[in-house]
Amino acid sequence: MGLVAVAFLVAPLWMPALHLADSQYRYERVEVTTTDAGIEYAAPDAVPPGAAISDQIACSGLLRIRPCAFERLLLENETVPSGWYSTNPSSNLNRFSDEYRYVLLNGTVYETTTVTNSSAQRSDGLYPVELALDAVPPETALRDISRAVASHDVPPVVAETARTGDTASYRAVVPPATPIRLSNGSYYRVFRRPPEDVDPIAEGMVNLATVAASSVGFVLLVRLRHRVDVTIDVSYVGDSDR
């Protein structure tokens, strides 16, 4: 009886864990595929407006407008001076950008890289390093920027969504801003939808039930205390020599 009373009394602590009136977050997946046109969504209409395929692929969405404009200029001019110099005339550095690894332009995927201009050696022996783009197979780029579904930085609800489809959770997590790679070789981008509005009536009923349960627990504890306070005085009368 005492445990029941305590359980009711602390209802404000365990009632929220039941999620009786909480709104759920929905997670949805959209398949990402490679085609002759590069990398694209299998169902573009199911994607949030402007969502890039990956934050590691510039120009794959409506974001990164300035980098996209720069990369288009770079593609037209072939190379652009970087301001860096090298002592090795044949050196090059891939992924010179810390913000993204690849660029999707005109249906082709390019890797960001650099080339050393060996024909423009300075008097001090240094060679100018120039920014460049190198076309790569879409499959190579997609695998490179994707994350394995079993990776430690893929939240469980995101992994479940990538494997099975739409899911719901009371916990809000941020899905990786890049495709998730499954063991069968397919790729999915997972998005979190905004939660639905909480029903004010249901929320009010849950709050009322919480207060009522706590009140019942308090009353039960008071009654138990009165029962414990009742004592029975027992005296033994007999021969003290025995």
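None of these values were measured; they are calculated from a predicted model.

(A) A look at the overall build of the protein chain. Each helix and strand counted, the protein chain has 6 helices and 11 strands in total. Here the protein chain holds 242 residues, and the buried ones make up 36% of them. A sequence separation of at least 24 residues applies to 66% of the contacts in the protein chain between residues at least 6 apart. By element, 54% of the accessible surface of the protein chain is carried by carbon and sulfur atoms, the whole surface being about 15300 Å².

(B) Layout of the packing of aromatic side chains. Tallied over the full model, the rule gives 1 aromatic pair. Aromatic pair Y41 and F191: ring centres 6.4 Å apart, planes at 50 degrees, arrangement tilted. In this pair, Y41 is assigned in strand β2 (residues 38–41) and F191 in strand β11 (residues 187–193), connecting sequence segments 150 residues apart. When the ring centre of Y188 is taken as reference, the NZ or CZ atom of R29 above it lies at 4.1 Å.

(C) Broad picture of the pattern of salt bridges. This structure, assessed with the given rule, holds 3 salt bridges. Between E28 and R193 there is a salt bridge, with the nearest N and O atoms lying 2.7 Å from each other. With a gap of 165 residues between them, E28 in strand β1 (residues 25–35) and R193 in strand β11 connect regions that are remote in the sequence. A relative accessible area of 25% places R193 in the partly exposed class.

(D) Examining the nonpolar core more closely. Counting 17 residues, the largest nonpolar core has V32, I39, Y41, Y102 and V109 as the members making the most contacts within it. Those elements giving two or more residues to this core turn out to be β1, β2, β5 (102–105), α4 (138–145) and β11. The element contributing the most residues to this core is α4, with 3 residues. For I39, the residues in contact, after removing those within four places along its chain, are V32, T33, T34, I53, I57, L104, V109, P138, A141 and L142. By size, the runner-up hydrophobic cluster in this structure holds 12 residues, among which are Y27, V157, A159 and I180.

(E) Seen up close, the side chain of S146. Assignment of secondary structure puts S146 in the loop between α4 and β8 (147–148). With a relative accessible area of 9%, S146 lands in the buried category. Dropping the residues within four chain positions of it, S146 is found in contact with T178, P179, R181 and Y187.

(F) Examining α4 more closely. Those residues of α4 not exposed but buried are P138, A141, L142 and I145. Looking straight down α4, one finds its buried side chains confined to an arc of 100 degrees; they lie on one side.

What counts, and at which threshold
Residues numbered from 1 in each chain as written. Predicted model: local features only at pLDDT ≥ 70, side-chain atom pairs only at ≥ 80, totals over all residues. Heavy atoms only, no water. Helix = DSSP H or I, 4+ residues; strand = E, 2+ residues; numbered from the N terminus. Buried < 20%, exposed > 50% of the residue type's maximum accessible area, 1.4 Å probe, protein only. Contact = heavy atoms within 4.5 Å. Areas by Shrake-Rupley, 256 points an atom, 1.4 Å probe, with all protein chains shown as cover. Phe/Tyr/Trp six-rings, centres within 6.5 Å; stacked < 30°, edge-to-face > 60°. Lys NZ or Arg CZ within 6 Å of the ring centre and 35° of its normal. Salt bridge = Lys/Arg side-chain N within 4 Å of Asp/Glu carboxyl O. Core = buried A, V, L, I, M, F, W, Y, C linked by side-chain atoms within 4.5 Å. Arc of directions from axis to C-beta.

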